[in-house]
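Structural features, examined
The chain contents come next:
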Amino acid sequence: MQCSKDGVRICRTTFRSGRWLWARHSSTKLFVGGLSYDTNEAVLKDAFGRLGEIVEVKVICDHVSGRSKGYGFVRFTSETTATIALKEMDDQMLDGRNIRVHYAHRG
């Protein structure tokens, strides 16, 4: 189970004893949701690039239509920069939509 508190992903992991352990994780990779279907990688890179050095930007598209699915990922060079970007960009307007920004994680 995953949840988020103050922009930091919290993972709940169980051990053999059945007790839960809460661990805080940060990352250099951010999930960006709520994107306009017209938002492309160049727009996303411009919006986040002013906050720090970016390694990779990816807007997820439907493989048949080629149209954006409304979300993407931005990877920064450092966790510090990613944290700043998360705080600055979450719930901001981009291409006419309020975007949601969270730490990306593997599910």
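Thresholds applied
- Residues numbered from 1 in each chain as written.
- Predicted model: local features only at pLDDT ≥ 70, side-chain atom pairs only at ≥ 80, totals over all residues.
- Heavy atoms only, no water.
- Buried < 20%, exposed > 50% of the residue type's maximum accessible area, 1.4 Å probe, protein only.
- Helix = DSSP H or I, 4+ residues; strand = E, 2+ residues; numbered from the N terminus.
- Arc of directions from axis to C-beta.
- Contact = heavy atoms within 4.5 Å.
- Polar contact = N/O pair within 3.5 Å; in protein donor to acceptor, adjacent residues only side chain to side chain.
- Salt bridge = Lys/Arg side-chain N within 4 Å of Asp/Glu carboxyl O.
- Pairing = 2+ DSSP bridges.
- Axes fitted to C-alpha atoms, helices over the stretch in contact; angles between N-to-C directions.

We now examine helix α1 (residues 41-49). Residue pairs three or four apart in sequence face the same way in an α-helix, which turns once every 3.6 residues. Along α1, the positions that sit buried rather than exposed are Leu44, Ala47 and Phe48. In an axial view of α1, the angular spread of the buried residues amounts to 85 degrees, which keeps them on one side of the axis. Those residues of α1 that are buried lie in contact with β4 (29-33), β5 (54-61), β6 (68-76), α2 (79-89), β7 (93-94) and β9 (100-103). A side-chain oxygen of the first residue of α1 lies 3.1 Å from the backbone nitrogen of Ala42; this N-cap is Asn40.

Evaluated as defined, the whole model comprises one salt bridge. The closest approach of N and O atoms between Arg75 and Glu56, which form a salt bridge, is 3.8 Å. One end of the pair, Arg75, is in strand β6; the other, Glu56, is in strand β5, with 19 residues separating them in the sequence.

Looking now at the sheet that holds β4. Within the open sheet, the four strands sit side by side as β5-β6-β4-β9. Their pairing is antiparallel. Only two strands of the sheet have a single neighbouring strand rather than two, namely β5 and β9. Direction aside, neighbouring strands of the sheet carry axes that sit 20 degrees apart on average. The pairing of β4 with β6 spans five bridges and is classified as antiparallel. Counted as the bridge partner of Phe31 is Phe73 from β6. Packed on one face of the sheet, α1 meets β4, β5, β6 and β9 and runs near 140 degrees to β5. Along the sheet, α2 makes contact with β4, β6 and β9, crossing β9 at roughly 155 degrees.

Moving on, we get to the side chain of Thr81. Along the chain, the position of Thr81 falls in helix α2. Overall, the relative accessible area of 14% leaves Thr81 in the buried class. Here the side chain of Thr81 touches Ser78 through a polar contact of 2.7 Å, side chain to side chain. Leave out the neighbours within four places in its chain, and Thr81 touches Leu51, Gly52, Glu53 and Phe76.

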